[in-house]
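Listed below are the residues making up each chain.
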Amino acid sequence: MTGNNKQPGEVKMSGEIATTIQTIATTPFNDQKPGTSGLRKRVPAFQQAHYLENFVQAIFDSISPPPGATLVVGGDGRYYNREAIQIILKMAAANGFGRVLVGQGGILSTPAASCVIRKYATYGGIILSASHNPGGPDGDFGIKYNTANGGPAPEKITEAIFELSKTISQYRLIDAPDVALDATGDYLIGNMIVSVIDPVADYAELMESLFDFGAIRALLAGGFRIKFDAMHAVNGPYARDIFINRLGAPEDSIMNCVPLPDFGNGHPDPNLTYAHELVEILYGENAPDFGAASDGDGDRNMILGKGFFVTPSDSLAILTANAKLTPGYSAGLAGVARSMPTSAAADRVAKELGIPCYETPTGWKFFGNLMDAGKVTLCGEESFGTGSSHIREKDGLWAVLFWLNIVAVRKQSVETITREHWAHYGRNVYSRHDFEAIPTEAANGVMKHLKDSFATLPGQKLGSYTVDVCDDFSYTDPVDGSISTGQGIRIIFTDGSRIVFRLSGTGTEGATLRIYLEAYDPVIANHHLDAQVALAELIGIAGQLSELVARTGREQPTVIT
Ligand code: G1P
Ligand code: ZN
């Protein structure tokens, strides 16, 4: 053994210790541009020789960690998670890291990874996940880098990674045996310590510090029935520890809680389409009082009441309005932020509370600067993401616990809390229509056609709506001044209703066109309407303005949320 690291007593040898750093010659791939949330590709793409290694080396080269730095590594347990972790560990050792904290079994939910990066003040972390995309040998895999604040790397880092990936000629690794990931403890690779940690404990403790677990325990003991669906994904062990062990919920309160590499052949996206097993339970006979689900990597959430769905945009607004009822937010909120396509429901609450509300481009990375600067406490996206400055990722179980804390204090159902909210603030009726796997050219054609109509649209009367303004959203970060352009086409009507068109940055097949529809309705008598019914006219206008059917051949969305 060479090197002068002081080895802790409990360090176990992972077989023979290799210290020779190998330099492997490689050639660039031209498709390693990180999207909305890291690099996502089909598993076979990542399995190509040198593919993962090139990207990891590009990360390390762009962040140039100081010698001995600590890194966090973990993933959502999807197919190729374990193999990827072994490669990353050997590369981290060859790139001068002193320690890597890795979740037992290679598991760390995205919010737990963010929590661990922050709690142990590490240099950063690598998260292996393709979020809500299906897994398995032909499914998706993904990798992203998070910085020391626990949040996704900002664009200047992801761009630097991409640039380096285009010219890479070699990467470094240590040819050591695999680390046994299934038992906690410390292991050695070269001079680097690999600490295999309990993936749940730090996160669960953070949740206990934010919410009134006593009140929630009492609510559950009093007969309030919940059902949490982990969708065979990473949040299973977290849900078991928090709901069953810490909050005393009965065993049948959780379902699909063993993480599987292919998510049981499902699509681990918590929405009305893909979480239908849970939806059927909440809309069925003898339904529980509360239902929730989270996605592949545990950062998204869906909230249901008995026979009732809360849109993520409304959820953000309701959490903002009720934050003071929870111990973690009893002092009030600095501000709130939402992504541009998210409904303006939170804006109305912020206005009443007298706190700022920021509108950012899609993607969690834009919230990080606002939170680091202390400008916002809560933030959210229409895509089933809500979170706060307790970490720098959105957080599925956090949102569920936040809701349970509110229910425990207000002693009202999810539906009553939501309806009272609408009665007070008015309802921002909202829906998103996704058209997946459209040929890229057709999708680009729709966007170009819309942009070409900008000059003539303002002032046009379309049914009962009149176009006020339209633009391609761009954002100037109020903290660092960086500018992000081309973030989605907005058509805003004179009454504040909106249609937004955007191409997904996370899809892996063709293009995904998202159409976001929002209409504001202050009239309580209309609040019972189904969103698709209430938005029917806007849906028609969106089809007409985009020439959707003619350009894409698509009559119906693939997914409606
Ligand atoms: C989607 C969501 C976006 C979210 C991202 C990562 O990105 O729309 O809100 O931040 O996944 O979970 P998109 O595919 O639209 O680029
Ligand atoms: Zn996710």
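Above this text you will find the structure in question.
Because the structure is a prediction, the values reported are computed rather than measured. Every chain begins its residue count from 1, and numbering advances along the sequence as written. Here chains are named by letter from A upward and ligands by number from 1 upward, in the order in which they appear as written. Side-chain atom pairs in this predicted model are given and counted only at pLDDT of 80 or more, local residue features only at pLDDT of at least 70, and totals for whole chains, interfaces and linings cover all residues. For side-chain calculations, the full set of non-hydrogen atoms in the structure is used, while hydrogens and water are omitted.

A.B. asks: Help me understand the site of ligand 1 in this model?
C.D. replies: Any residue with a heavy atom positioned within 4 Å of a molecule or strand is treated as near that molecule or strand. Taken together, the neighbourhood of ligand 1 is formed by 14 residues, with Glu381, Ser383, Ser504, Thr506 and Arg514 sitting nearest. Interatomic distance of 2.6 Å between a side-chain N/O atom of Glu381 and an oxygen atom of ligand 1. In the environment of ligand 1, an oxygen atom lies 2.5 Å from a nitrogen or oxygen atom belonging to the side chain of Arg514. Residue-level accessible areas treat just the shown protein chains as cover; the underlying method is Shrake-Rupley with a 1.4 Å probe. Taken by itself ligand 1 offers 370 Å² of open surface, and the protein chains cover 98% of this. Classification used: nonpolar for Ala, Val, Leu, Ile, Met, Phe, Trp, Tyr, Cys and Pro, charged for Asp, Glu, Lys and Arg, polar for all others including Gly. Along the lines of polarity and charge, the residues of the shell around ligand 1 split into no nonpolar, 7 polar and 7 charged. Here a polar contact means two N or O atoms within 3.5 Å. Within protein one must be a hydrogen donor candidate and the other an acceptor candidate, and residues neighboring in sequence count only if both atoms are side-chain atoms.

A.B. asks: Would you mind showing me how to read the coordination of the zinc ion (ligand 2) here?
C.D. replies: Donors, by definition, are the N, O and S atoms found within 2.8 Å of a metal, the threshold being 3.2 Å for Na, K and Ca, and water is not counted, so a site can look incomplete. Note on the zinc ion (ligand 2): its protein donors are Ser131 (OG), Asp295 (OD), Asp297 (OD) and Asp299 (OD). The metal-donor distances range over 2.0 to 2.1 Å. Taken together, the 4 donor atoms coordinating the zinc ion (ligand 2) and their angles of 87 to 163° define a geometry best described as irregular. Between consecutive donors of the zinc ion (ligand 2), the numbers of intervening residues give the motif S-x163-D-x1-D-x1-D. Placement of the pair is Ser131 in the loop between strand S6 (124-128) and strand S7 (140-147) and Asp295 in the loop between strand S13 (290-294) and strand S14 (301-305), with a sequence separation of 164 residues. Under this scheme a four-donor centre is tetrahedral when all angles range from 85 to 135 degrees, a four-donor centre is square planar and a six-donor centre octahedral when opposite donors are above 155 degrees with the rest from 65 to 115, and any other centre is irregular. In this description a helix means any DSSP run of H or I spanning at least four residues, a strand means any run of E spanning at least two, and both kinds are numbered starting from the N terminus.

A.B. asks: Got a minute to help me understand the pattern of salt bridges in this structure?
C.D. replies: Pairing is possible between side chains that carry opposite charge, provided their charged atoms lie close to one another. By definition here, a salt bridge exists when the distance from a side-chain nitrogen of Lys or Arg to a carboxyl oxygen of Asp or Glu is within 4 Å. Applying the stated criterion to the full structure yields 31 salt bridges. As a salt-bridge pair, Glu415 and Arg419 come within 2.9 Å of each other at their nearest N and O atoms. Note that Glu415 and Arg419 are positioned in helix H14 (residues 414-425) at a spacing of 4 residues, about one turn of the helix. Take Glu415: its relative accessible area is 29%, and that puts it in the partly exposed class. As a salt-bridge pair, Arg432 and Asp434 come within 2.9 Å of each other at their nearest N and O atoms. By relative accessible area, which is 9% here, Arg432 ends up buried. Three or more residues joined by partner-sharing salt bridges are found here, namely Arg338, Asp347, Glu359, Asp471, Arg490, Arg498 and Glu518. Remark: exposure states derive from per-residue accessible area (1.4 Å probe, protein chains only) relative to the maximum for the residue type, with buried under 20%, exposed over 50%, and partly exposed in between.

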